[in-house]
Structure formats: C-alpha cells, structure tokens
Amino acid sequence: MAVFTPVSESALQALLSQYNLGSLVDHQGIASGIENTNYFVTTSQGRYVLTLFEKLTADQLPFYLDLMHHLASKGVACASPMPTKAGALFTSCEHKPAALCTRLSGQDIHLPTVDHCRLVGQTLAQAHLAVTDFKGQQPNLRGLSWWQETAPIVMPHLSEPDQALLAQELQAQLDFAATPLAQQLPRGAVHADLFRDNVLFDGSPYQPILGGFIDFYFAGVDTLVFDLAVTLNDWCIDHSPTDSGCWDQARYQALMTGYESIRPLSVSETQALPMQLRAAALRFWI
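Residues numbered from 1 in each chain as written. Predicted model: local features only at pLDDT ≥ 70, side-chain atom pairs only at ≥ 80, totals over all residues. Heavy atoms only, no water.

1. Topic: the sheet that holds strand β2 (residues 37-43)
Part 1: Pairing within the open sheet is antiparallel, and its 5 strands lie in the order β1-β2-β3-β5-β4. Both edges of this open sheet fall to β1 (24-29) and β4 (91-93), since each of them pairs with a single strand only. Shown here is a sheet whose adjacent strand axes are inclined to one another by a mean of 35°, direction ignored.
Part 2: Pairing between β2 and strand β3 (residues 47-52): 6 bridges, direction antiparallel. (Pairing = 2+ DSSP bridges. Helix = DSSP H or I, 4+ residues; strand = E, 2+ residues; numbered from the N terminus. Axes fitted to C-alpha atoms, helices over the stretch in contact; angles between N-to-C directions.)

Rendered as structure tokens:
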C-alpha cells in the first residue's frame, strides 16, 4: 500500500458522490506498500480505505472484490468493498480503477505471539470453509506456470549453487504437481499472500483481537493447503535478531491448532504439507 497517484480533494468528493457514505471529512495517504495507491478516507458516516489500482485492470478486479465481499458476508474478518449507488464494487478515481473498502481496526504485527498465530489459523480456516460456495474463477497468477515462466528470467542473476537449487526445486514441484496426491487436494479461492503485514490486530500481544485480513490482490484459486503453507512460512519462522530461518515450534503448533480447530486437514493435505511449504517458499523466492 502506497501513494503512486496523488488524489485531490475534488476528485475524492466526486468519488464519494457515487456512494451513500456521507461527505468527505479527511483523507490521508498511506505510505507503505509496493503495488497500489492507498488513502485513508474519513466521511461523515465512517472510515474507509480508498485503493487506486496501478496494475490491475477493471476487467481483473471483479474476482478480488467479489471474493472479499463474499468472505465478509460469511462473517470472515476481512476488508469488504463498499457498493456504489449503482451496486458496483469499484469505480474510478484520477483515471484509475478504484474501490472503497471498510477500514479495519488495528495494525500489523512484526513479532507475533502464539496467540496471534492461533487467531490467524482460526480465521484462515474460516475463510477456507467460506469459499466452498464462491463461484469466482481465476487461477493463482503466481502459481506453477508463472514459476516456470519467471525462473529463466531470474536464473542469470543467481550464483551457480542457487541456480542449481532453483532448477532442482522447480523440477521437484513439477513432478509433485503431476502426482495423484497433488491432484486430489481440496481447492478454492485463497488469499495466497497472508504475510504479517496483511493482518491487523488490536489488543495486547497476549490478549490480541484480530481486526481482519487485508490486501487480497494476489488471490486466486489454488489448493487450500498452499494458502496455509504461505501463512506458516511467514508467521512461524524465527524473526529474532539472529533470524535463523528455523521454525518457531510454539507458533507453528499454535497456528496449526487454531486452523484445525475450525477445519481439520484431510489425510492428503497432511501428506502434501511439506511439499506445499517448499512450494510457498519457492514462489516468494522467485
């Protein structure tokens, strides 16, 4: 989340005229992020986040926004797009596709506790149950085919040992994807980017209150266990000053226990999890 496109007050007022959200009170650019322009927008009726999409086109937006709306309607804690007076979930602002979403309370957590991880696991499982009747279809655009396309581009920039490691792991994932085990894994619309900066919390470190999930703009249809693996790889790795990269077993167990208290993994998902953890690491390395 960042400000690449300045938004004037007159443009915001024109935008709000398309909604039943009251009049503009204040707006403030959000400095962090790498993909889209984001503003906090306060109106006479509430607080929202305005996103101007710098890369995604209007044709691509319905999947992401429909997914957020669907999850919120099922009671999953996440940002939800506000409909315009015409019922659309997005419009335009400063000549860019734009959406106004609910502003969740809280802030992201750099050093999560076991309680943060348990809540993340529970909410992720709720999201996976909620998408069983979601009709939207879009592949994970950073999935296996993208790895195959992108690996040759990054390969010349790697050391010889890393080139060998990348080639070996990519082949291992291709081989696994062709197995009956991989092909029977439950699938659905997943966040696919549930890092620590995409979850907001209120409360104290040891009595946290989950505000919700944000930034669904890498979402796509993939295996549910891959989504879990992405989350585990970021939330449950040692992030101490030594940054060893090893598992923090307490946080790992807390997230898994939280998840399986809502949606127990199938036998096939349990068997596939080690390879999916590797797949998630490969995706973000590439």
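2. Here's the deal with the environment of P97
Part 1: Structurally, the position occupied by P97 is in strand β5 (residues 96-102).
Part 2: Judged by relative accessible area, P97 falls into the buried class, the value being 17%.
Part 3: Expressed as a C-alpha distance, the spacing of P97 and L61, which sit 36 residues apart in the sequence, is 8.5 Å.
Part 4: Once you skip the residues sitting within four places of it in the chain, P97 turns out to touch T51, L52, F53, L56, T57, A58, L61, T91 and S92. (Buried < 20%, exposed > 50% of the residue type's maximum accessible area, 1.4 Å probe, protein only. Contact = heavy atoms within 4.5 Å.)

3. Some thoughts on the environment of L104
Part 1: Within the secondary structure, L104 sits in the loop between β5 and α3 (114-130).
Part 2: Considering only alpha carbons, one finds L104 and Q28, 76 residues apart in sequence, at a separation of 15 Å.
Part 3: Excluding residues within four positions of it along the chain, L104 makes contact with C78, A79, L200, G211, G212, F213 and I214.

On their own, these measurements won't tell you what the molecule is for.
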